Amino acid sequence: MTSGESVTVPVSDRKRPQRFAAILRSQMRNIAPFLTLICLFGFFAAASPSFATLDNLGNILTQISVTGIIAVGLTFVILCAEIDLSIAAIANVTGIAVAYFTLQESYVNIANVPMPGWAAILLALALCALLGLVNAFGLTVIGIPSFIMTLAMMQIAAGISALLVRGQIAYKVPPLVSTLGSTSIGGIPWIVIVAALMLLGGHLVLTYTRFGRYVYMVGGNREAAEYSGLNVKLILGSVMVISAVCAGIGGMLGVAHFGSAQQNEFDTYLLDSIAAVVVGGTSLFGGRGGIGNTIVGLFVLGVLNNGLDHVNIDSFLKILIRGLILLAALVINVYAQRLRERTAD
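These figures come from a predicted structure and were not determined experimentally.

Comments concerning the overall build of the protein
At step 1: For the protein, the helix and strand inventory stands at 15 helices and 2 strands.
At step 2: The burial tally for the protein puts 45% of its 345 residues in the buried class.
At step 3: A fraction of 76% describes how many contacts in the protein between residues 6 or more apart in sequence connect residues 24 or more apart.

Looking at the UniProt feature "transmembrane region" (unreviewed entry) in the protein
At step 1: Feature annotation in UniProt places "transmembrane region" (unreviewed entry) on residues 34-54, 60-78, 85-103, 115-134, 146-167, 187-209, 230-254 and 316-336, given in this structure's numbering.
At step 2: Note that residues 146-167 is 91% helix and 0% strand, and that its end C-alpha atoms are spaced 29 Å apart.

Thoughts on the side chain of serine 260
At step 1: Assignment of secondary structure puts serine 260 in the loop between helix H12 (232-258) and helix H13 (269-279).
At step 2: Judged by its relative accessible area of 9%, serine 260 falls in the buried class.
At step 3: Of note is the side chain of serine 260, whose polar atom sits 3.2 Å from the side chain of glutamine 262.
At step 4: Within the structure, the side chain of serine 260 is placed 3.4 Å from the side chain of glutamate 265, a separation counted as a polar contact.
At step 5: For serine 260, the contacting residues outside a window of four places in its chain are Ile169, Ala170, Tyr171, Val255 and Glu265.

Notes on the pattern of salt bridges
At step 1: One pass over the full model with this rule turns up 1 salt bridge.
At step 2: A salt bridge links arginine 222 to glutamate 82; its shortest N-O distance comes to 2.9 Å. Of this pair, arginine 222 sits in helix H11 (residues 222-227) while glutamate 82 is found in the loop between helix H4 (65-79) and helix H5 (87-100), placing the two residues 140 residues apart along the sequence.

As for the packing of aromatic side chains
At step 1: Inspection of the entire model under this criterion finds 9 aromatic pairs.
At step 2: Ring geometry for phenylalanine 258 and phenylalanine 266: centres 5.7 Å apart, planes at 50 degrees, overall tilted.
At step 3: Judged by its relative accessible area of 0%, phenylalanine 266 is buried.

Details of the environment of leucine 61
At step 1: Looking at the element boundaries, leucine 61 is found in helix H3 (residues 54-63).
At step 2: Once the C-alpha coordinates of leucine 61 and glycine 302 are considered, the two residues, 241 residues apart in sequence, prove to be 7.7 Å apart.
At step 3: In this view, leucine 61 contacts Val192 and Phe299; residues no more than four positions away in its chain are not counted.

Some thoughts on the packing of helix H8 (residues 175-182) against H12
At step 1: Running from amino to carboxyl end, H8 crosses H12 at an angle of 75 degrees, the nearest separation of the two axes being 7 Å. In terms of orientation, H8 and H12 fall into the roughly perpendicular class. Contacts from Val177, Ser178, Leu180, Gly181 and Ser182 of H8 reach H12 at Met252, Leu253, Ala256 and His257.
At step 2: When grouped by side-chain class, the residues that make up the contact of H8 with H12 number 5 nonpolar, 4 polar and no charged.

Notes on H5
At step 1: Here H5 contains 14 residues, and its C-alpha end-to-end distance of 20 Å stays within 8% of the 20 Å for a straight helix at 1.5 Å per residue.
At step 2: Within H5, 14 of the 14 residues are buried, which leaves it mostly tucked inside the rest of the structure.

Notes on the nonpolar core
At step 1: If you look at the biggest cluster of nonpolar residues, it comprises 92 residues, and the most contacted ones within it are Ile90, Val98, Val177, Val215 and Val218.
At step 2: Counting residues per element, this core draws most heavily on H12, at 12 residues.
At step 3: Not counting residues within four places of it along the chain, the set of residues in contact with valine 98 comprises Ala120, Ile121, Ala124, Val173, Pro174, Val177 and Met252.

A look at the packing of H13 against helix H14 (residues 291-310)
At step 1: Between H13 and H14, the shortest axis-to-axis distance is 6 Å and the interhelical angle comes to 120 degrees. Judged by the inter-axis angle, H13 sits oblique to H14. When you trace H13 past H14, the crossing you get is right-handed. Judged by residue contacts, Asp272, Ala275, Ala276, Val277 and Val279 of H13 engage Asn293, Thr294, Gly297, Leu298, Val300 and Leu301 from H14.

A closer look at helix H10 (residues 210-220)
At step 1: Those residues of H10 not exposed but buried are Gly212, Val215, Val218 and Gly219. The buried residues of H10 all sit within an arc of 125 degrees when viewed along its axis, so they share a single face.
At step 2: On its buried face, H10 sits against H4, helix H9 (190-208), H11 and H12.

Thoughts on unusual backbone geometry
At step 1: For arginine 166, which is not a glycine, the phi torsion comes out positive at approximately 50 degrees.
At step 2: Among the structural elements, arginine 166 can be located in the loop between helix H7 (146-165) and H8.
At step 3: Of the residues examined, arginine 166 reaches a relative accessible area of 63% and is grouped as exposed.
At step 4: In the Ramachandran plot, asparagine 264 falls in the positive-phi region, its phi being about 60 degrees despite a non-glycine side chain.
At step 5: Relative to the elements of secondary structure, asparagine 264 occurs in the loop between H12 and H13.

About the criteria used
Residues numbered from 1 in each chain as written. Predicted model: local features only at pLDDT ≥ 70, side-chain atom pairs only at ≥ 80, totals over all residues. Heavy atoms only, no water. Helix = DSSP H or I, 4+ residues; strand = E, 2+ residues; numbered from the N terminus. Buried < 20%, exposed > 50% of the residue type's maximum accessible area, 1.4 Å probe, protein only. Contact = heavy atoms within 4.5 Å. UniProt positions renumbered as here; feature names shortened; annotations may be inferred. Polar contact = N/O pair within 3.5 Å; in protein donor to acceptor, adjacent residues only side chain to side chain. Salt bridge = Lys/Arg side-chain N within 4 Å of Asp/Glu carboxyl O. Phe/Tyr/Trp six-rings, centres within 6.5 Å; stacked < 30°, edge-to-face > 60°. Axes fitted to C-alpha atoms, helices over the stretch in contact; angles between N-to-C directions. Parallel < 35°, antiparallel > 145°, perpendicular 65-115°, else oblique. Nonpolar A, V, L, I, M, F, W, Y, C, P; charged D, E, K, R; others polar. Expected span 1.5 Å × (residues − 1). Core = buried A, V, L, I, M, F, W, Y, C linked by side-chain atoms within 4.5 Å. Left-handed = near helix turned anticlockwise from the far one by under 90°. Arc of directions from axis to C-beta.

Structure (structure tokens):
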């Protein structure tokens, strides 16, 4: 080849960087949370020798378990491009209800209704399912936006909690709930096992069942789902009930884990659960994401909260940092949606 000859680069080779960039843009919502998790873990492991230990990993898993259980149902809701602001209040009222139907010690000043353990559990689960059905009815039949409907339900559930305990604290729950919420098997807390099983179950439903495909269809393009003959209202109502039941289970086990049932006990779990789903990369616009993303989001929050405790950062600064990370996740979420729409055009 002489100096005057030109080299022709194959078209396929020239398009390779463009394809890579397109793949990177399309997967940004999934890649960013994972990179954030790695960076956080590396930083805290270097900053504190007590952070990267098996014992502390167990602490992180335990700390995110209740949030993980609640976030399973919320993932279904957000995948349908809806929101459920009542999850923390429903978790609280369910935990209080299971204690309300359990015989308390004489020093507990609550006029409760003691029942057998199995009955207390079933009644508490029936209560959270009923509240979920009310959310579903308001959303699908009356046509109230999920934001407003679940905001109202948040107040309703908080009111029921207040009526049941009237400012008092209950401590005893049925033996099964106490076992799953506060004991271990083989050194692994039962609450971690329950959270893992529920996350796995949610992933299997979303990935391998017809209902899971319908959830993605409704979230991805609701109008197209309706034209294809899908009962969109049934799917939306179902995910609201699933969200309430998951919140209720998290509330019952959380009460056993904390050792008490009282008003406003789960207030922080609303933001934590939403943050876990959104930080993990599930799209607020629906149709993109899943339980895998929620798991990554749970670990991001768990590592962040636990790591900040290990490096002794001011508690007020800790709240600010969590807020900034949530804001960054929201920016990535919206930006990824815009890239998707631009690519589709």
